[in-house]
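# Examining the three-dimensional arrangement
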Amino acid sequence: MKWLLVSLFLFAAAIDPIKIGKINRTKTEARKAYTSGDYKTAVAKYRYLVDTLDVVEDEALLNLANAYYLLKDTAHAFTEYQALASSEKTAVRSKAQQQLGVMHHQKGQYEEAMASFKAALKADPANADARYNYEMIKKKLDEKKKEEEKKKNQDQNKPQEPSAYAKRLKAQADALAARFQFKDAQALMNEGAKKDPSVMYYKDFIDRLGDVVTIDKK
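The text that follows walks through the structure, step by step, so that each part is easy to find. The shown structure was predicted, so the numbers you read here are calculated from the model rather than taken from an experiment.

### Looking at the overall build of the protein
Assigned secondary structure in the protein consists of 11 helices and zero strands. Reading the secondary structure of the protein in the N-to-C direction produces α-α-α-α-α-α-α-α-α-α-α. Per-residue burial over the protein gives 35% buried out of 218 residues. In the protein, the share of contacts with a sequence separation of at least 24, taken over all contacts with a separation of at least 6, comes to 48%. Carbon and sulfur atoms make up 55% of the accessible area of the protein, which totals about 14700 Å².

### So, the pattern of salt bridges
Applying the stated criterion across every chain, the model contains 10 salt bridges. For Glu-57, the salt bridge goes to Lys-27, with nearest N and O atoms at 2.7 Å. Linking Glu-57 in the loop between helix 3 (39–52) and helix 4 (58–70) with Lys-27 in helix 2 (residues 17–35), this pair joins segments that are 30 residues apart in sequence. Put simply, Arg-47, Asp-51 and Glu-80 are held in one network by salt bridges that share partners.

### A look at the side chain of Asp-58
By the element assignment, Asp-58 lies in helix 4. Here Asp-58 is buried and forms no salt bridge, its nearest opposite-charge partner Lys-89 lying at an N-O distance of 5.2 Å. Within the local environment of Asp-58, its side chain forms a polar contact with the side chain of Ser-87, the two groups lying 2.4 Å apart. Apart from residues no more than four positions distant in its own chain, Asp-58 is found in contact with Leu-84, Ser-87, Lys-89 and Val-92.

### What about a negative patch on the surface?
Negative charge collects at one region of the surface, where Glu-143, Glu-147, Glu-148 and Glu-149 lie side by side. Here Glu-148 shows up in helix 8 (residues 128–157).

About the criteria used
- Residues numbered from 1 in each chain as written.
- Predicted model: local features only at pLDDT ≥ 70, side-chain atom pairs only at ≥ 80, totals over all residues.
- Heavy atoms only, no water.
- Helix = DSSP H or I, 4+ residues; strand = E, 2+ residues; numbered from the N terminus.
- Buried < 20%, exposed > 50% of the residue type's maximum accessible area, 1.4 Å probe, protein only.
- Contact = heavy atoms within 4.5 Å.
- Areas by Shrake-Rupley, 256 points an atom, 1.4 Å probe, with all protein chains shown as cover.
- Salt bridge = Lys/Arg side-chain N within 4 Å of Asp/Glu carboxyl O.
- Lys, Arg positive; Asp, Glu negative; His and termini not counted.
- Polar contact = N/O pair within 3.5 Å; in protein donor to acceptor, adjacent residues only side chain to side chain.
- Patch = residues over 30% accessible without salt bridge, like charges linked within 9 Å, V, L, I, M, F, W, Y side chains within 5 Å.
- Charge placed at Lys NZ, Arg CZ, Asp CG, Glu CD.

The following block contains the structure:
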């Protein structure tokens, strides 16, 4: 019984009513500053809660991260969101991942942004903002991929720049065409293309020669 009384006394001593009152008061002040848009004061109050009063509560830390973000202090905001990205509370984890996605997107890091939004949805499928942002980024990446593939195909199909040989051949074909020797000019270009593919840079010219030759045959 004596041991039990001692234990109860020690437990009661560990609960410092002055500290508890200070914590509750600081929480109220921090929340009031945050909701009123005084983010600088909010950061100071939440930092005091965490650093001095040893309060580690996800909701307070999330407000701290948000206050940093709204003050455009992205370095501290990113650090705080990252710490909350592994929170055991799914709602907090989802919001932290969502904000990380927003910050990645602002830096043009679309793959990383999509991964963060996906993680936010995995934590909380009801997070409508994260879902909208995920779908928006996915659409943007899909469009970017299509544009890259289109450009790649255009580059592959783009005629090779004519070599010195191809240019000389074109000059000879022009001279033949000027003398109305269209068939000879066409044959010259076609034979040259077998030796040097860059001759096909003048494909339109070769096609026109072919049209004239066909007309002459008629």
